[in-house]
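# Descriptive structure summary
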There are 2 protein chains.
Amino acid sequence: MSSGWLRRRLLPGGPLPAPRPPAPRASPVPYRRPRFLRGSGAADAPRRRDHRPVRSPARGRQLPWDAGYAEIINADKSEFNEDQAACGQLSIRRCAFGTEEDQEWLTLCPEELEAVVEGLVPTHPPMNLSGRCVCPSDPQFVEEKGIRAEDVVIGALENAFRECDELIGKELEATGQVGGCTALVAVSLQGKLYVANAGDSRAILIQRDEVRPLSAEFTPETERQRIQQLAFVYPELLAGEFTRLEFPRRLKGDDLGQKVLFRDHHMSGWSYKHVEKSDLKYPLIHGQGRQARLLGTLAVSRGLGDHQLRVLDTDIQLKPFLLSVPQVTVLDTGQLEPQEDDVVVMATDGLWDVLSNEQVARLARSFLPGKREDPHRFSELAQMLIHCTQGAGDSPPGEGQVSYDDVSVFVIPLHNQGHGSSGH
Amino acid sequence: MSSGWLRRRLLPGGPLPAPRPPAPRASPVPYRRPRFLRGSGAADAPRRRDHRPVRSPARGRQLPWDAGYAEIINADKSEFNEDQAACGQLSIRRCAFGTEEDQEWLTLCPEELEAVVEGLVPTHPPMNLSGRCVCPSDPQFVEEKGIRAEDVVIGALENAFRECDELIGKELEATGQVGGCTALVAVSLQGKLYVANAGDSRAILIQRDEVRPLSAEFTPETERQRIQQLAFVYPELLAGEFTRLEFPRRLKGDDLGQKVLFRDHHMSGWSYKHVEKSDLKYPLIHGQGRQARLLGTLAVSRGLGDHQLRVLDTDIQLKPFLLSVPQVTVLDTGQLEPQEDDVVVMATDGLWDVLSNEQVARLARSFLPGKREDPHRFSELAQMLIHCTQGAGDSPPGEGQVSYDDVSVFVIPLHNQGHGSSGH
């Protein structure tokens, strides 16, 4: 993740509010470590610059599904891990939590969850939640549209991200705070794993013979056309300070009148244009790969928060270009017949900056089979993956690049899992 | 294709204009049959309602690459085939045409083609067409962006479609005509086949063991989120007459206050909402599959023309929702090592409404191998495919659905082909 982080938790610490009418919201609670890291020793120790421990839940403290977790604080950007983790099991409606989990993370948007429950009929959700028969052919309309129960879960996740973003916006405004974050969420429900991503974290499925991405990153580069399109429709968003066009490099005075490569919102290819004076402005999207920035500021194009964020020393807002909506992918774990070492790895960008999907898969496949008796092995794999981002001596050859960003990693085993939910 | 067709050709009949300055445009030429159908007998005969001949180029009249072609006029919407075909070979710069081809089809946007020529260096196109060295590391910037020669061809096709659309808009306005069309173009250049599609025609690659789509259809259903997003940003485009939201069926008064399935521009999934009065308006996108319509009017969401098209009896414009930009896919025919019966089939929606990709592939694979000596076999396959849309007696079992739309089909063999270009 990139810039402008939520320093404080914005969620109420109290009991779960009744779905309707909503209970009045408590004021934001301060940032704190994930509760499941309590008792892991280093977690509560004061932090020194040259002391960068990798933290995992203490042995004996089980996460749902025996999932593993590890994190490291690298970035020196803040006192805390910027990549904030949460994990829990939740029965919709009855809201039965584990005793020590981060309950407040799960209280978001109860109405969305409620809608899911009623829509989760065996094949197609009902057109009408009240059950009153307005049109006898409703089931046929729903079937013809191909609307399945999983589409209602996808819609609930999409709306939950948006509502969470609105909530954050209100609390930021009420408390005068600033900041934003990306979000990657995995929810297991009725034999399916839903992965919702808004930002540059990533989830992958690792099986013996296959590694499959479960999310795609949303950055100024991957969403270039959407962002340029908005600037085309609303040029005032750039306040005359930026050019919407993309060029292979920043143009300078000597380029004036030359015919150079460019692309605009409607193009996936490239073409040539005569350079005009307005093309010399700073580009809406500039830089390559990890250095790519939106309006010279943000490295991501989706996420939550950042309602007040502006380009340095200007009134140019970032928020209109940021989407809070996640992309949701669905993995049918029921059909997958997971084997003993099949896992989902969810991690923040600090990991993926230095390790490819294939490298992570190779490390998992070589690590897990020898440790099948160890219930802590998934946290150990998460730790090992983080060590590999530190150029550690035990990294395989060629896998010793160094990440200076904070990193959080979940390793979720898929074998023999029931129904439940986990969030990150 | 769907509604509102170009009844007249909008292109000049004169000699190819010099690239710069452009020659003054002649007035639109009237619609006529593709020249390569001359001498095919039925083509020039008067048309009777109960007489629907399938037309192909006469034996002995070769198209470039020995491509095959057939068409049928079904729709009774107009006197002519609405699905207008063209085909030719073209040397960029020298513009050497075959003697009898539809030259004027190839005179569009010469500047785009010119840019392609200069950008087509072996691997990466130059940053700067003038060749003046403004920045010595330009090649490095171009390489880091991953810009390849084929990206310049893609950009040229994207811009050519847009410029063609602007040109059509001007001529429609100048001549007081109305109409629009979709477009599917295949260009072979330097060992690659570029397929550009804006609308609901389709191209597929058929090989012995594989059938691969080379285009995707753009309809109100496939572009729902883009269209709803525009209506969200510019609600005045709906003039208070339509609802942006999608529901499984048209809502009615009895639904008021009920909680029903819906989705909005940001959702790929579905959710529930309480029905309000504004939800009872006619939906921006309504209907299913072939019946799906944009603003109750158009069955496609991309294409050329239709600049003046409005919803019946209103001032609500369709054009803002229509994109003229094609999606371009690239097939590396050099790497493909095509076998003797490998073909690309390009056809208008009338074919794909009743035959699936797999059915067309099966028909091609069973038809072609027995006729390798016949130079006319690709046109015969095109004819046979059209016969299958007529519920003909020789259709394989289960493949006898009937199309009432006009149909045009190109069958392009890939084996032993050199460089050139073909357009549809």
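Source: prediction; values computed, not measured.

The next point concerns the overall build of chain A. Check the secondary structure of chain A and you find eight helices and 17 strands. Across chain A, contacts joining residues at least 24 apart in sequence account for 66% of those joining residues at least 6 apart. With the model as given, the accessible surface of chain A reaches about 18300 Å², and the carbon-plus-sulfur share is 50%.

Bringing the pattern of salt bridges into the picture now. Working definition: two side chains of opposite charge can pair if their charged atoms are close together. All names here are of chain A. What the rule picks out here adds up to 48 salt bridges over all chains. Ionic pairing is found between E210 and R212, a salt bridge with its closest N-O pair at 3.5 Å. Note on R212: relative accessible area 29%, which makes it partly exposed. Overlapping salt bridges, with partners in common, bring together R59, K371, D374 and E380 in one network.

The subject of this paragraph is the relation of the copies chain A and chain B. The two copies are related by a screw operation: chain A maps onto chain B through 180 degrees of rotation and 0.0 Å of translation along the axis, at an RMSD of 0.0 Å. On the angle and the small slide along the axis, the relation comes out as a two-fold axis. Among all C-alpha atoms of chain A, that of V233 of chain A lies closest to the rotation axis, at 4.6 Å. Here 98% of the contact residues of chain A are again contact residues in chain B; the copies associate through an equivalent surface.

Residues and elements named next belong to chain B. Running from N to C, helix α7 (residues 357–367) and helix α8 (residues 377–388) point in directions that differ by 140 degrees, and their axes come no closer than 11 Å. One element, α7, and the other, α8, form an angle in the oblique class. Handedness of the α7/α8 crossing: right-handed. On α8, the residues that touch V360, L363, A364 and F367 of α7 are R377, E380, L381, M384, L385 and C388. Within the contact of α7 with α8, the residues separate by chemical class into eight nonpolar, no polar and two charged.

Right, let's talk about the interface of chain A and chain B for a bit. Residue-level contacts link 53 residues of chain A with 52 residues of chain B. Roughly 4700 Å² of surface becomes buried between chain A and chain B when both sides are summed, with 54% attributable to carbon and sulfur atoms. Contact with chain B buries area across many residues of chain A, yet M127, K145 and Y272 of chain A alone supply 16% of it, more than any other trio. Between chain A and chain B we count four salt bridges in total. Two residues, R249 of chain A and D138 of chain B, come together in a salt bridge whose shortest N-O distance is 2.4 Å. Seen at the junction of chain A and chain B, the total is 29 residue pairs in polar contact (both at pLDDT 80 or more). When contributions to the side of chain A that touches chain B are tallied by element, the ones reaching two or more residues are α1 (110–119), α2 (138–144), α3 (149–175), β9 (259–262) and β10 (271–274) of chain A.

Time to look at the sheet that holds strand β15 (residues 327–332) of chain B. Hydrogen bonds along the backbone pair up the strands of a sheet, which may run parallel or antiparallel. Residue and element names in this part refer to chain B. On the basis of which strands lie adjacent, the open sheet formed by three strands has the order β4-β5-β15 and antiparallel pairing. One side of each edge strand has no neighbouring strand; the edge strands of this open sheet are β4 (183–189) and β15. In this sheet, neighbouring strand axes are inclined to one another by 15 degrees on average, regardless of whether the strands run parallel or antiparallel. By the bridge criterion, six bridges tie strand β5 (residues 192–198) to β15 in an arrangement that is antiparallel. Considered in β15, the bridge of V195 is made with T329. The sheet contacts of helix α3 (residues 149–175) involve β4, β5 and β15, and relative to β5 the element is tilted by about 30 degrees.

Another aspect to go through is α7 of chain B. Side chains that are three or four residues apart share a direction in an α-helix, a result of its 3.6 residues per turn. Listed as buried for α7 of chain B are N357, Q359, V360, A361, L363, A364 and F367 of chain B. Tucked inside the fold, the buried residues of α7 of chain B contact β6 (202–206), β7 (211–213), β16 (343–347), α6 (349–352) and α8 of chain B.

All names here are of chain B. Take P213: it is sitting in strand β7. Taking the C-alpha atoms as reference points, P213 and A231, separated by 18 residues in sequence, lie 31 Å from one another. Once you skip the residues sitting within four places of it in the chain, P213 turns out to touch A203, I204 and N357.

Right, let's get into the environment of D374 of chain B. All names here are of chain B. In this fold, D374 is placed in the loop between α7 and α8. Residue classification places D374 among the buried residues on the basis of a relative accessible area of 17%. Sequence separation between D374 and L336 is 38 residues, and the spatial gap between their C-alpha atoms is 24 Å. For D374, the contacting residues outside a window of four places in its chain are R59 and E380.

Residues and elements named next belong to chain A. Read from one edge to the other, the open sheet built from six strands follows the order β1-β2-β17-β16-β6-β7, with strand pairing classed as antiparallel. One side of each edge strand has no neighbouring strand; the edge strands of this open sheet are β1 (54–55) and β7 (211–213). As judged from the five bridges shared by strand β6 (residues 202–206) and strand β16 (residues 343–347), these two strands associate in the antiparallel manner. Note on β16: the bridge partner recorded for A203 is M346.

Attention now goes to the confidence of the model for chain A. Residues and elements named next belong to chain A. In the predicted model, chain A carries a mean pLDDT of 82, and 76% of its residues have values of at least 70. Contacts from residues 93–109, a stretch scored under 50 in pLDDT, to residues over four places away or in other chains number 48 contacts. What the predictor reports for the complex is a pTM of 0.85 with an ipTM of 0.84.

What counts as what
Residues numbered from 1 in each chain as written. Chains lettered and ligands numbered in written order. Predicted model: local features only at pLDDT ≥ 70, side-chain atom pairs only at ≥ 80, totals over all residues. Heavy atoms only, no water. Helix = DSSP H or I, 4+ residues; strand = E, 2+ residues; numbered from the N terminus. Contact = heavy atoms within 4.5 Å. Areas by Shrake-Rupley, 256 points an atom, 1.4 Å probe, with all protein chains shown as cover. Salt bridge = Lys/Arg side-chain N within 4 Å of Asp/Glu carboxyl O. Buried < 20%, exposed > 50% of the residue type's maximum accessible area, 1.4 Å probe, protein only. Least-squares fit on C-alpha atoms with pLDDT ≥ 70 in both. Axes fitted to C-alpha atoms, helices over the stretch in contact; angles between N-to-C directions. Parallel < 35°, antiparallel > 145°, perpendicular 65-115°, else oblique. Left-handed = near helix turned anticlockwise from the far one by under 90°. Nonpolar A, V, L, I, M, F, W, Y, C, P; charged D, E, K, R; others polar. Buried area = accessible area lost by both parts, 1.4 Å probe. Polar contact = N/O pair within 3.5 Å; in protein donor to acceptor, adjacent residues only side chain to side chain. Pairing = 2+ DSSP bridges. pLDDT = per-residue confidence, 0-100.

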